[in-house]
Amino acid sequence: MSFFGNVQLAPPVAVFKLSADFRADENPQKINLGVGAYRDDDGKPWVLPVVSKVEKQIASDSSLNHEYLPIKGLPEFCEAATKLALGDSKTISEGRAAGVQTLSGTGALRLAADFLFQTFPAETTVLYSNPTWGNHLDIFKRAGFKNLAPYSYWSGDIKAADISKFVSDLQSAPDRSIILFHSCAHNPTGADPSAEQWNQLAEVVRAKNHFPIFDTAYQGFASGDPDKDAAALRSFADAGFEMMICQSFAKNFGLYNERCGNLVTITQTSQILDNVRSQQELIVRANYSNPPAHGARIVANVLNTPDLASEWRQNIKQMSDRIDLMRNELRGRLEKLGTPGQWNHITDQIGMFSFTGLNPDQCNFLKNERSCYLMSNGRISMAGLNSKNIDYFAQCVDEAVRKIQ
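Residues numbered from 1 in each chain as written. Predicted model: local features only at pLDDT ≥ 70, side-chain atom pairs only at ≥ 80, totals over all residues. Heavy atoms only, no water.

**A word on helix H16 (residues 360–370)**
At step 1: Those residues of H16 lying buried are Gln362, Cys363, Phe365 and Leu366. Down the axis of H16, the smallest arc covering the buried residues is 155°, so these residues share one side. Looking at H16, the residues exposed on the side facing more than 90 degrees away from the buried face are Asp361 and Asn368.
At step 2: At the N-terminal boundary of H16, the capping side chain belongs to asparagine 359, with an oxygen 3.0 Å from the backbone nitrogen of aspartate 361. (Buried < 20%, exposed > 50% of the residue type's maximum accessible area, 1.4 Å probe, protein only. Helix = DSSP H or I, 4+ residues; strand = E, 2+ residues; numbered from the N terminus. Arc of directions from axis to C-beta. Polar contact = N/O pair within 3.5 Å; in protein donor to acceptor, adjacent residues only side chain to side chain.)

Right, here's the structure in full:
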């Protein structure tokens, strides 16, 4: 008898199933709006020019080798990544903030979840936004947390974030809950709180003694300005919160398969930080021993070299501007077609994703009848649109909305 005879076949991950269906589709007009990765106007993956430049420098540097990195990662990468998130925050100069290199943003979230599960009481509640990135719930469940609950976020009525309900849910949560925030370019809605609303949320977090974690997957990629996209992080840090920041360099550096991330922890004292990072180091050691070097070297070289950092900012602005253009072009086409409903939310949102407001039946029509592959909740990746397919997609959306209520 097999040791694994009772193992059940796992359901496919929705976004990967969508991409597989897309690849199998022979329609020449097919569009993949599910994948969360940047595409240029030809629908191709884009290697940032500054990344290509630094990779050539690394390849010709005979002083480099393939020795193990420290368990906490490449020091110059962790320092630069932490500074990118926090700017000139006194938490860094006072030795109360530092990073541990991780396997991209997903790895940062898992390291945070594992550490918090061994540190916080077992009954601690973890709150996540409704909706949220599909992997958030599984990460915290597999770390051991049992009490996971959504907080109100998206309102289908106004096609925006409903901050009043968000605040109310944080007020109603048990004291000392863990709150998982999206720092910018909320996935999947693209709807972010304003600066004033972030202040409201901070007041509730302080009053309830909650612990904030920020998932930061799109810094710089969202608005084209890394400092603007870090406003919520820096506001909370300057307000004196102990907190964690889960950074990914997949989107803003295009390093999807290099798995380059950083977990920033901010504590009340430098001694507490040393203790925390030592425990995080043990978790890393027991999971994958130490992180990969290539992506971290790229990011460190760019962020620590002023000319390269300036070029990187130009590259991410180029990506952000193209996505903004697609937002404006799609909204304009739908309004010109007279597509029923209001479409201003497409340009009100920010970042890679748009929550279109299309219902599951309309999404299924678009996928099954028109080869437009999007998630059944109406989320689309704006990067999947370009000057060659946007007219077709707008016409298909117009048809779906008119045919299916």
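There's more to say after this.
**Quick word on the nonpolar core**
At step 1: In this structure, Phe77, Tyr218, Phe253, Trp312, Leu330, Leu385 and Phe393 are the most contacted members of the largest nonpolar core, which totals 64 residues.
At step 2: Secondary structure elements with two or more residues in this core: helix H2 (49–59), helix H3 (75–86), helix H13 (294–303), helix H14 (306–337), H16 and helix H17 (390–403).
At step 3: Here phenylalanine 393 is in contact with Ile31, Leu33, Leu330, Cys372, Ile380 and Leu385, once residues within four sequence places are set aside.
At step 4: Of all hydrophobic cores here, the second largest spans 33 residues; its members include Leu86, Leu127, Ala161 and Phe355. (Core = buried A, V, L, I, M, F, W, Y, C linked by side-chain atoms within 4.5 Å. Contact = heavy atoms within 4.5 Å.)

**What about the UniProt feature "domain: Aminotransferase class I/classII large" (unreviewed entry) in the chain?**
At step 1: In the numbering used here, UniProt assigns the feature "domain: Aminotransferase class I/classII large" (unreviewed entry) to residues 29–395.
At step 2: Secondary structure content for residues 29–395 is 47% helix and 16% strand, while the C-alpha to C-alpha distance between its ends is 12 Å. (UniProt positions renumbered as here; feature names shortened; annotations may be inferred.)

**Here we look at the state of the cysteines**
At step 1: Considering all chains together, one arrives at zero disulfides under this definition.
At step 2: Here cysteine 184 stays free of any disulfide, with the sulfur of cysteine 246 as its closest cysteine sulfur at 13 Å.
At step 3: A disulfide-free cysteine, cysteine 372 has its sulfur positioned 4.1 Å from the sulfur of cysteine 396, the nearest such atom. (Disulfide = S-S within 2.5 Å.)

**With respect to the pairing of strand E7 (residues 178–182)**
At step 1: In terms of burial, E7 is largely enclosed, as five of its five residues are buried.
At step 2: Of the strand pairs in this sheet, strand E3 (residues 125–130) and E7 are connected by two bridges, and their pairing is parallel. Along E7, the bridge assignment pairs leucine 127 with isoleucine 179.
At step 3: Bridge count between E7 and strand E8 (residues 211–216): five bridges; the pairing is parallel. Note on E8: the bridge partner recorded for phenylalanine 181 is phenylalanine 214.
At step 4: What joins E7 to E8 is helix H8 (residues 195–208), and the crossover it makes is right-handed. (Pairing = 2+ DSSP bridges. Right-handed = clockwise from strand over helix to strand, strands pointing away.)

**What to know about unusual backbone geometry**
At step 1: Across the junction of asparagine 130 and proline 131, the peptide omega takes the value 5°, indicating a cis bond.
At step 2: Mapping proline 131 onto the fold places it in the loop between E3 and helix H6 (135–143).
At step 3: Here asparagine 187 and proline 188 are connected by a cis peptide whose omega angle stands at 25°.
At step 4: Backbone geometry at arginine 259 places phi at a positive 50°, although glycine is not the residue there.
At step 5: Here arginine 259 lies in the loop between helix H11 (250–253) and strand E10 (260–266).
At step 6: Notably, serine 371 is not glycine yet its phi reads approximately 60°, a positive angle.
At step 7: Residue position: serine 371 is located in the loop between H16 and strand E12 (372–373).

**Examining the sheet that holds E10**
At step 1: Spatially, the seven strands line up as an open sheet ordered E2-E10-E9-E8-E7-E3-E4, and their pairing is mixed. The open sheet terminates on both sides in strands that have one partner only, identified here as strand E2 (97–103) and strand E4 (147–152). In this sheet, adjacent strand axes meet at a mean angle of 25° when their direction is disregarded.
At step 2: Bridge count for strand E9 (residues 243–248) against E10 is six bridges, and the pairing is antiparallel. Counted as the bridge partner of methionine 244 is threonine 265 from E10.
At step 3: Where helix H7 (residues 163–172) meets the sheet, it contacts E3, E4 and E7, and its direction lies at approximately 150° from that of E4. (Axes fitted to C-alpha atoms, helices over the stretch in contact; angles between N-to-C directions.)

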